[in-house]
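So the chains spell out like this:
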Amino acid sequence: MSVTVRVPAKVNAQLGVGGLRADGFHDLANVFFAVALADEVTATPGEGVTLSCEGPDAHVVPLDDSNLAARAARLLAAHHGLADPGVHLHITKAIPVAGGMAGGSADGAAALVACDALWGLDTPLPVLLELAAELGSDVPFALLGGVALGRGRGEILEPLPVAGTFHWVFAVADGGLSTPAVFRECDRLRSEAGTGFTDTDVPTPDADPALLAALADGDPVALADALANDLQAAALSLRPALADTLRAGTDAGALAALVSGSGPTCAFLTKDAETAAHVAAALRASGTCRTAHATHGPVPGAVVRTG
């Protein structure tokens with residue numbers, strides 16, 4: 001018996017970053033948007049918790065307990081008092097590794113769902129969401145999918161209304177960017193600018209009403225005008241070449257471009273699927289990225305694949 005779960009990547013349509021808190025985190029206003037670029041995690045019975053991986057960047061995916069998929073399996077087992085969880089998790093990667101699209105978090109969410117089904121636990125969704133939040137700030141959204149506003153560290157989710165389908169292109173960079181390093185650079189840039197960088201200096205962010213209205217109306221032009229990422233300046237400071245990637249996508253006809261999350265993947269919103277395909281081809285030919293994928297969303301979160 002095996003269970004395969006498909007889980008989407010995310011893009012942050014808005015990533016508002018508050019000041020540094022005493023606990024080392026930042027309050028966020030994080031508008032998550034799930035897209036059809038997806039990983040799959042297959043759970044089969046095994047001895048202990050073991051991992052394997054295939055696909056682009058598979059060689060840099062850790063196959064030990066530092067992988068969120070393994071941690072998810074152990075956490076779920078511990079919650080239910082299973083002394084010997086016994087599972088092999090095979091990850092089929094399509095989401096870029098360390099690319100700002102929550103690929104590791106997605107795999108953690110998929111492992112929760114796959115192990116829950118394999119072991120016949122029928123864990124209620126609210127409990128899975130609590131376990132997901134223990135694993136990481138982006139893991140709960142990977143369970144839900146769709147579009148949602150994340151508050152706190154991003155783990156407190158409010159589903160958002162959205163109409164129609166939006167078309168995106170993602171340009172994958174060579175190498176990754178460390179999310180903690182990007183947040184530290186954001187703090188450094190704020191300090192350097194004299195605005196302060198702690199939560200007493202920087203107001204708690206909130207979702208942009210114009211962005212929420214654009215999503216609810218299914219209006220890609222209005223959404224393009226409202227896209228925002230408070231970490232973009234930090235990502236560009238650490239990886240200046242990303243500016244060339246952003247320019248190449250907009251020159252090819254994208255409505256808007258931004259760094260996805262903490263980067264270094266760059267996201268481009270387009271008016272339709274045909275334009276997305278054209279922008280992806282132009283980016284691949286530009287020499288400014290390793291590859292580019294046209295996709296769409298929103299899509300559901302982690303789901304058991306049937307058939």
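Residues numbered from 1 in each chain as written. Predicted model: local features only at pLDDT ≥ 70, side-chain atom pairs only at ≥ 80, totals over all residues. Heavy atoms only, no water.

A tally of regular secondary structure across the protein chain gives 10 helices and 12 strands. In terms of C-alpha radius of gyration, the protein chain reaches 19 Å, essentially the compact-globule figure of 19 Å for 307 residues. If you take every contact in the protein chain between residues at least 6 apart in sequence, the share linking residues at least 24 apart comes to 76%. By element, 54% of the accessible surface of the protein chain is carried by carbon and sulfur atoms, the whole surface being about 12,300 Å². When the 17 positive and 34 negative side-chain charges of the protein chain are each reduced to one mean point, those points stand 5 Å apart. (Helix = DSSP H or I, 4+ residues; strand = E, 2+ residues; numbered from the N terminus. Rg over C-alpha atoms; globule rule 2.2 N^0.38 Å. Contact = heavy atoms within 4.5 Å. Areas by Shrake-Rupley, 256 points an atom, 1.4 Å probe, with all protein chains shown as cover. Lys, Arg positive; Asp, Glu negative; His and termini not counted. Charge placed at Lys NZ, Arg CZ, Asp CG, Glu CD.)

On to the pairing of strand E7 (residues 166-172). Counting buried residues along E7, seven of its seven residues qualify, which places the element largely inside the surrounding structure. Pairing of E7 with strand E11 (residues 291-297) involves seven bridges; the strand directions are antiparallel. When the bridges of E11 are listed, Val-169 appears paired with Ala-294. As defined by bridge partners, E7 adjoins strand E10 (residues 266-270) across five bridges and the pair is classed as antiparallel. By the bridge assignment for E10, His-167 is matched with Thr-270. (Buried < 20%, exposed > 50% of the residue type's maximum accessible area, 1.4 Å probe, protein only. Pairing = 2+ DSSP bridges.)

Scanning the entire structure with this criterion turns up 14 salt bridges. As a salt-bridge pair, Asp-65 and Arg-74 come within 3.0 Å of each other at their nearest N and O atoms. A residue is classified by how much of its surface remains accessible, and Asp-65, at 40% relative accessible area, is partly exposed. Residue class for Arg-74 comes out partly exposed when judged on its relative accessible area of 37%. (Salt bridge = Lys/Arg side-chain N within 4 Å of Asp/Glu carboxyl O.)

Running from N to C, helix H1 (residues 68-79) and helix H3 (residues 125-135) cross one another at 130°; their axes reach a closest spacing of 10 Å. The pairing of H1 with H3 is recorded here as oblique in orientation. The way H1 lies across H3 gives a crossing that is right-handed. Across the interface between the two elements, Leu-68, Arg-71, Ala-72, Leu-75, Leu-76 and His-79 of H1 pack against Val-127, Leu-128, Leu-131, Glu-134 and Leu-135 of H3. Of the residues assigned to the contact of H1 with H3, the class counts are eight nonpolar, one polar and two charged. (Axes fitted to C-alpha atoms, helices over the stretch in contact; angles between N-to-C directions. Parallel < 35°, antiparallel > 145°, perpendicular 65-115°, else oblique. Left-handed = near helix turned anticlockwise from the far one by under 90°. Nonpolar A, V, L, I, M, F, W, Y, C, P; charged D, E, K, R; others polar.)

With respect to topology, four strands assemble into an open sheet ordered E9-E10-E7-E11, the strand pairing being antiparallel. Looking at strand neighbours, the two that pair on one side only are strand E9 (256-259) and E11, the edges of this open sheet. Put simply, the sheet's adjacent strands are angled 25° from each other on average, direction ignored. In the packing of helix H9 (residues 242-251) onto the sheet, the strands contacted are E7, E9 and E10, and the crossing angle to E10 comes to about 15°.

We now examine the environment of Leu-112. Here Leu-112 shows up in helix H2 (residues 103-118). Taking C-alpha positions, Leu-112 is 8.6 Å from Leu-75, a pair spaced 37 residues apart along the chain. The contact partners of Leu-112, leaving out residues within four places of it in the chain, are Ala-72, Leu-76, Leu-128, Ala-132 and Leu-135.

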